[in-house]
Structure formats: structure tokens, C-alpha cells
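So you can see what is in the structure, the chains are spelled out below.
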Amino acid sequence: MVSSIGVTTCPRGQPGQPSPEVHWAQCRAAGRQKGLGLLYSALVRPRPEYCEQLRAPQGEKDLRVATTCPEEGNKDAERAMAVTILVWVLQQLILNVRVVGDERDEARRDHSSFPGLGSRFGIGSTMEGWSPSEENIIYRVLVSLIPPYGHAFLPELCNPGETPERNFRIRVELVCTCKTEQLVGDMLCFIHHDEEEQRRNRGPSLLQTVCTGSYLDVQKTACRFHQLVKACWVVLPHSRRWRLTMLPCNRSCKFKMARAEEEIIIEIMLGVQQGNSDIFLSSQASEALFTPSTTWTSSCAVAEAKFFERLARRAPDGSFHLRCLQLCARILVGTGFSEYALKTVVMHLLNTTPLSGWHRTHFLLRLDDIMRYLCHCLEEKRLDHFFFGNEKIPEEIVLPPALQRAEPFNLFQHLAQDPDAQAQAMREFTDMQDRLTRMLANDN
């Protein structure tokens with residue numbers, strides 16, 4: 001299976017499309033027109049309606065105002081301020097505003113040596129509003145990558161015929177830009193100009209910087225992204241108040257921001273959008289013991305965030321669906337159950353139970369529903385993935401046709417294959433029920 005990615009999103013160099021310089025100007029304007037706001041509401045009151053996309057101040061003036069908003073002693077607001085600052089750095093990269101004072105020609109040379117940065121999304125339990133832990137919280141962001149000028153991304157299945165389609169490689173292909181070159185005059189085509197002339201006038205292509213062979217390399221891309229953020233951070237005045245430390249991580253970009261006795265951790269995942277859908281080929285490692293550096297895994301994280309954001313917009317005041325998920329996630333500690341399996345159970349119930357039924361007055365009933373649903377799945381040794389082959393997905397969430405047509409994927413397949421694992425899971429489930437009962441008794 002081979003299909004192009006990013007061509008419609010970033011159509012530089014195609015017949016009838018604007019010149020690269022005009023295109024970059026349009027990109028900047030479009031980014032500003034989205035009305036980039038602040039991230040405070042998402043982090044101070046982490047409800048999904050504030051987390052559809054990460055947002056940041058539009059300029060340094062807005063940033064100065066934003067970072068003086070938190071009241072002294074309000075640690076949640078102070079943490080939100082720190083994350084906002086880092087997101088502002090990302091915005092500068094995304095909008096191609098050079099924080100470091102490079103010359104125009106140097107900035108243009110960089111456009112072909114690293115993927116363009118597109119939309120970014122808050123993902124994971126913290127950004128969705130149900131983080132089970134109040135400490136060691138990680139704020140996760142997914143930033144989409146788009147092919148730079150003169151390049152195209154072509155995803156290929158690592159194992160053709162694999163079901164479900166989860167592991168991909170992203171082949172990078174050079175695109176002829178001779179027609180654009182005739183209009184601009186100084187943008188050389190990677191295909192029809194010799195390498196020496198390209199290095200002298202444009203710098204290296206993407207294939208020479210963050211690829212292994214013809215395929216986009218996760219580790220090289222993450223390393224280069226680390227370098228870009230670090231270069232931008234050191235020139236910001238806020239770097240004198242917050243210390244940014246790069247944390248070791250091969251397939252993503254993880255940062256620790258600290259001042260005095262306070263610290264927060266931010267992890268930035270990179271991803272390539274599948275067509276115009278909400279599914280991304282992400283830098284997250286697969287479930288295998290070893291994930292090659294050229295393997296990008298299919299991720300539903302953005303679709304999941306949109307699902308919870310949609311619920312937050314529709315849920316009546318007093319809805320406790322996030323509290324139910326958070327409480328159940330806390331009793332998983334020390335068991336073999338994953339938070340993702342529990343999240344899947346809750347999403348299935350949220351998709352079939354009226355939102356009015358998740359009011360705080362029905363809190364205990366919904367907790368009982370969750371535990372009963374999980375018990376039934378364990379007994380049947382089957383828990384269907386929420387998105388694969390689900391005909392009841394809200395229409396606001398866009399899925400690739402192949403995923404819509406796919407057979408439901410069993411997250412408990414390992415239990416069906418191993419009776420001992422299933423027996424162990426049932427014992428752990430009994431322990432979880434006891435733990436939940438004690439937790440509720442203590443709260444009362």
C-alpha cells in the first residue's frame with residue numbers, strides 16, 4: 001500500500017500553486033487567523049474542551065501578558081505559564097519566525113533540511129483531564145510534520161497484509177520544482193540540479209539530514225527537533241527564570257522545565273497525518289520489544305482527544321465521566337491492566353450511555369457499569385478497539401477508510417491465546433474491585 005501524505009496539506013511546487021515565499025507567507029497568516037489563544041484553561045482546569053489543540057500567545061507582547069497572569073502561590077497556574085512559554089517556542093518554529101537572528105537566505109536553506117511543523121494537539125490523560133496521578137505529571141503534545149519544499153511523504157506498510165495496519169515506514173521522495181523555480185528564480189530543483197550547486201545555494205535535502213536511506217528516521221528527526229527547541233529557548237528572557245533540561249528519549253522530545261523546587265515534564269511526540277484524518281503515524285514506539293528507527297506507528301491519540309473534547313462540549317454541568325475514569329485508573333497500579341484498556345472500556349460506555357447518565361448523582365452506578373463491562377470482557381477474552389471497525393464513531397472524528405472497514409481489533413487477544421494470563425487477569429480484577437470498594441469507603 002502506497003499513498004502520498006502531506007501533498008494536499010502543503011502543496012508547494014505543484015502546478016498552479018503559489019511560489020514558496022508566497023506559500024510561507026500564507027502559512028504564517030493562516031496560523032495567526034486560527035486565533036491562537038492560551039493554554040491556561042487546559043492545564044489549570046484540565047477539561048478536554050480546552051485541549052482541542054495546544055494554543056499559544058501570538059507574539060512576545062501577548063506572552064509577557066500571559067506570563068504575568070498567574071496569582072502568586074497558584075502552582076497550577078504557574079505550571080500552565082511554563083508550558084505556555086514552551087508552546088510559544090513551538091509556535092515560532094511552526095510559523096517559521098526565526099527566534100535566532102539568522103539571515104533570510106539561511107532560514108530559507110533550512111526549509112528543506114527539516115520537515116515543516118503543522119498543527120499540534122494536546123494528547124494523553126493529562127490533557128484529556130483524567131490523569132490518575134497528581135505528581136510526576138507529563139504534559140504530552142503531538143506535533144504534525146509536513147514535507148518541506150521539494151519533498152513528499154509516502155507511507156508504506158512495514159508488513160503488507162498486516163491486520164490491523166499499525167506499523168509504517170515513511171518514504172521521502174523528491175519532487176520536481178522546476179516550474180516554481182522559473183517563477184522564483186533562486187529555488188533550485190533537487191532533481192534537476194547537481195548536488196554541489198544545491199549545497200551551495202540551498203543546503204542539504206531532507207534525505208541527507210533526518211533520513212536513513214529513503215525513509216524518515218524517527219530518532220534523527222527527534223534529535224534535530226531537540227536541537228531546534230534548544231536553540232530557540234536560550235535567547236528567550238524566560239530562560240533566566242525557567243531552566244530547560246533535555247531528557248533522554250530516543251523517539252520523542254522530552255523536556256524538564258524547572259525553577260526553585262518546582263518542575264514539570266513535557267513530552268513532544270512527532271507525527272505524520274494520514275490524509276486528512278485524525279489518525280497519525282507517530283514517533284511512539286510499537287508494542288514490540290524492538291522498534292526500528294524508521295518505523296512509525298499508527299496512533300489514535302488525536303482522535304481520542306477529539307472524542308473527549310466533543311463530550312466536554314456536550315456534557316451537562318456536574319458530569320463525572322472524567323472522575324469515573326480517573327478513579328478507576330488509580331486502582332490499576334500494580335496490575336497487568338493498561339490505562340489504555342480501561343480508557344477503551346469507558347469510551348465504549350460513553351458512546352452508548354446518554355451523557356445525562358454520567359451526572360454526579362449516578363456516579364456509583366457508572367463505576368459499577370465500568371467494572372461490569374471490564375469483567376465481561378475478561379470472561380469473553382475480548383475487548384474491541386474503540387476505533388477499528390466501529391460504526392458508531394461520532395462524525396466529527398475523521399478516520400481513514402481502511403480503518404473504518406477494518407475488522408474490530410481485540411485488545412485482549414493475548415488472554416485468548418494464554419489461559420494462564422486470563423486467569424491471572426481475573427485474580428487481579430478481583431483485587432481491583434476490593435481496592436475500589438476501600439477507596440470509596442475511605443472517601444466517605
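Residues numbered from 1 in each chain as written. Predicted model: local features only at pLDDT ≥ 70, side-chain atom pairs only at ≥ 80, totals over all residues. Heavy atoms only, no water.

S.K.: Pulling in residues and values, what's your account of the overall build of the protein chain?
M.R.: Regarding its fold elements, the protein chain presents 17 helices and 11 strands. Residue burial in the protein chain is summarised as follows: out of 444 residues, 51% are buried. Of all intrachain contacts in the protein chain linking residues separated by at least 6 positions in sequence, the fraction that spans at least 24 positions is 67%. On the protein chain, roughly 21,200 Å² of surface is accessible, and the fraction owed to carbon and sulfur atoms is 48%. (Helix = DSSP H or I, 4+ residues; strand = E, 2+ residues; numbered from the N terminus. Buried < 20%, exposed > 50% of the residue type's maximum accessible area, 1.4 Å probe, protein only. Contact = heavy atoms within 4.5 Å. Areas by Shrake-Rupley, 256 points an atom, 1.4 Å probe, with all protein chains shown as cover.)

S.K.: Lay out the pairing of strand β4 (residues 167-174) in plain terms, naming residues and giving numbers.
M.R.: A regular strand carries its side chains on alternate faces of the sheet. In this structure, strand β3 (residues 151-157) lies alongside β4, joined through 7 bridges in antiparallel fashion. Bridged to A152 within β4 is E173. Pairing between β4 and strand β11 (residues 296-299): 2 bridges, direction antiparallel. Across the sheet, residue F168 finds its bridge partner in β11, namely W296. (Pairing = 2+ DSSP bridges.)

S.K.: Let's hear about unusual backbone geometry: which residues, and what values?
M.R.: Positive phi values are uncommon outside glycine, yet K381 reaches one of about 55°. Tracing the backbone through its elements, the reader meets K381 in the loop between α14 (363-380) and α15 (401-405).

S.K.: Report on the packing of aromatic side chains, specifying residues and quantitative values.
M.R.: A full pass over the atoms with the stated rule returns 7 aromatic pairs. Taken together, the ring pairs in this structure connect F307, F308, F386 and F387 into an aromatic cluster. A cation over an aromatic ring shows up here: R169 above the ring of Y215, its NZ or CZ 4.2 Å from the ring centre. (Phe/Tyr/Trp six-rings, centres within 6.5 Å; stacked < 30°, edge-to-face > 60°. Lys NZ or Arg CZ within 6 Å of the ring centre and 35° of its normal.)

S.K.: Explain the nonpolar core to me, using residue names and the numbers behind them.
M.R.: Counting residues in each nonpolar core, the largest one holds 49 residues, and the members touching the most others are I370 and F387. For this core, the elements supplying multiple residues, two or more each, are α11 (301-314), α12 (321-330), α13 (339-352), α14 and α17 (419-443). Tallying contributions element by element places α14 first for this core, with 8 residues. The residues contacting F387, other than those within four sequence positions of it, are C300, A303, E304, I393, I397, L399 and L403. In terms of nonpolar packing, the next biggest core, distinct from the first, is built from 36 residues, L216, W233, L244 and I268 among them. (Core = buried A, V, L, I, M, F, W, Y, C linked by side-chain atoms within 4.5 Å.)

S.K.: Could you give an account of α12, with specific residues and numbers?
M.R.: Among the 10 residues that make up α12, 8 are buried, leaving the element largely enclosed by the rest of the structure. The complete set of buried residues in α12 reads H321, L322, C324, L325, Q326, L327, C328 and A329. Considering only its buried residues, α12 is in contact with α6 (124-128), α11, α13, α14 and α17.

S.K.: Please give an account of the pairing of strand β7 (residues 243-247) that cites residues and values.
M.R.: Sheet topology places β7 next to strand β8 (residues 253-259); 5 bridges connect them, and they run antiparallel. Each residue of the ladder has a partner; that of T245, found in β8, is K256. Linking β7 back to β8 in an antiparallel pair, the connection comprises 5 residues.

S.K.: Would you mind going over the confidence of the model for the protein chain in detail, with residue names and values included?
M.R.: Overall, the prediction assigns the protein chain a mean pLDDT of 76, with 69% of residues at 70 or greater. When the criterion is pLDDT under 50, residues 96-110 qualifies, and its contacts beyond four places in sequence or with other chains add up to 22 contacts. Contacts from residues 181-185, a stretch scored under 50 in pLDDT, to residues over four places away or in other chains number 7 contacts. (pLDDT = per-residue confidence, 0-100.)

S.K.: I'd like a description of the pattern of salt bridges, backed by residues and values.
M.R.: Any two side chains of opposite charge can pair if their charged atoms end up close together. Inspection of every chain in the model, using the stated rule, returns 13 salt bridges. Put simply, D368 and R372 hold a salt bridge, and the shortest N to O gap is 2.7 Å. Of the two residues, D368 and R372 are both situated in helix α14; the distance of 4 residues between them amounts to about one turn of the helix. Its relative accessible area of 58% is what places R372 among the exposed residues. (Salt bridge = Lys/Arg side-chain N within 4 Å of Asp/Glu carboxyl O.)

S.K.: Any details on the state of the cysteines? Residues and values, ideally.
M.R.: Inspection of the entire model under this criterion finds 0 disulfides. Cysteine C223 is unpaired, with the sulfur of C253 as its nearest cysteine sulfur at 8.7 Å. What makes C223 partly exposed here is its relative accessible area of 41%. Cysteine C253 is unpaired, with the sulfur of C249 as its nearest cysteine sulfur at 7.9 Å. (Disulfide = S-S within 2.5 Å.)

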